[in-house]
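The residues making up each chain are set out below.
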Amino acid sequence: MDLRNEKASHALGEIVRLRNILVLGGCALLLANCVTGPGGIMTIRDRAAETAQSLVTPAIIKECSDKVAAAFPNLKPTGHYRFSPMAAVHLNEIDARLLTGDQFAVLAAPTTNTGLLGQEVKGIAGCSYLLENGKLVFRKAHPPTSFMQVTVVRI
């Protein structure tokens, strides 16, 4: 009799685990649509990056580069500055998350610096801009720690 109860308990546990996996998978699909769907945050940030890219000048890139270099002297840029919708989505700041319209863009570049144990640490750094009346208005310089790690791969 104990063997039956043990098998039934094991089967019930497997069913519960499978249900949890299916629920988590469904939630992930729903959230993915919120991010990438027609009105999702990625679409909005793509539009902002396209608009900002048409407004960028060498002076704006130099301004951002200078502000990042002044604020974070240990960083060395390893690539070109460009507007990145992925960087805008993965900027880890609460006030940047409140700017949900297509008026927020991030100009970012890949960087390296030396870690605590002497290793090379790769990341991105950049500047956030607001799009106001057809102009880019500087908001803030951001170190690599301001961006979630996934941004490093997708810049």
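Residues numbered from 1 in each chain as written. Predicted model: local features only at pLDDT ≥ 70, side-chain atom pairs only at ≥ 80, totals over all residues. Heavy atoms only, no water.

Structural notes on the overall build of the chain
As a reminder, the rule being used: Secondary structure elements are defined from DSSP: runs of H or I of at least 4 residues count as helices, runs of E of at least 2 residues count as strands, and each element is numbered from the N terminus. Here's how the labels work: a residue is buried when its accessible area is under 20% of the maximum for its type, exposed when over 50%, partly exposed in between, all with a 1.4 Å probe on protein chains only. Every residue pair with non-hydrogen atoms within 4.5 Å of one another is taken to be in contact. Using the Shrake-Rupley algorithm and a 1.4 Å probe, accessible areas are obtained, with residue cover drawn only from the displayed protein chains.
Of regular secondary structure, the chain possesses 6 helices and 5 strands. The order of helices and strands in the chain, counted from the N terminus, is α-α-α-β-β-α-α-β-β-β-α. With 155 residues in all, the chain has 33% of them scored as buried. Within the chain, contacts between residues separated by at least 24 positions form 62% of all contacts whose residues are at least 6 apart in sequence. For the chain, the accessible surface area stands at approximately 9900 Å², while carbon and sulfur atoms represent 62% of it.

As for the nonpolar core
Put simply, the rule reads: To define a nonpolar core, start from buried Ala, Val, Leu, Ile, Met, Phe, Trp, Tyr and Cys residues and group those joined through side-chain atoms within 4.5 Å.
If you look at the biggest cluster of nonpolar residues, it comprises 19 residues, and the most contacted ones within it are Cys64, Val68, Phe83, Leu107, Tyr129 and Leu136. Where this core is concerned, the elements lending two or more residues are helix 2 (41-55), helix 3 (58-71), strand 3 (104-114), strand 4 (120-132) and strand 5 (135-142). Here the element with the most residues in this core is strand 4; it accounts for 4 residues. Of all hydrophobic cores here, the second largest spans 9 residues; its members include Phe104, Ala108, Ile124 and Leu130.

Section: the pattern of salt bridges
Definition in use: Criterion for a salt bridge: a side-chain nitrogen of Lys or Arg within 4 Å of a carboxyl oxygen of Asp or Glu.
Counted by the stated rule, this structure contains 1 salt bridge. Across the pair aspartate 66 and lysine 62 runs a salt bridge whose closest N-O atoms are separated by 3.1 Å. Of this pair, aspartate 66 and lysine 62 both sit in helix 3, 4 residues apart, roughly one helical turn.

Here we look at the side chain of asparagine 113
Here asparagine 113 lies in strand 3. According to the relative accessible area criterion, asparagine 113 is buried, its value standing at 16%.

Things to note about the packing of aromatic side chains
Applied cut-off: Aromatic pairs are defined between Phe, Tyr and Trp rings, using the six-membered ring for Trp, whenever the two ring centres lie within 6.5 Å; interplanar angles under 30 degrees are classed as stacked, those over 60 as edge-to-face, and all others as tilted. Ring-over charges, as used throughout, are those where CZ of Arg or NZ of Lys falls within 6 Å of the ring centre and within 35 degrees of the ring normal.
This structure, assessed with the given rule, holds 2 aromatic pairs. Between the aromatic rings of phenylalanine 83 and tyrosine 129, the centroid separation amounts to 6.2 Å while the plane-to-plane angle is 65 degrees, which identifies the pairing as edge-to-face. Of this pair, phenylalanine 83 sits in strand 2 (residues 82-83) while tyrosine 129 is found in strand 4, placing the two residues 46 residues apart along the sequence. Owing to a relative accessible area of 1%, tyrosine 129 belongs among the buried residues under this scheme. With a centroid separation of 5.7 Å and 80 degrees between ring planes, the pair formed by tyrosine 129 and phenylalanine 138 is classed as edge-to-face. A residue is classified by how much of its surface remains accessible, and phenylalanine 138, at 26% relative accessible area, is partly exposed. Stacked on the ring of phenylalanine 138, the Lys or Arg lysine 67 has its end atom at 4.1 Å from the ring centre.

All quantities given are derived from atomic positions and should not be read as evidence of function.
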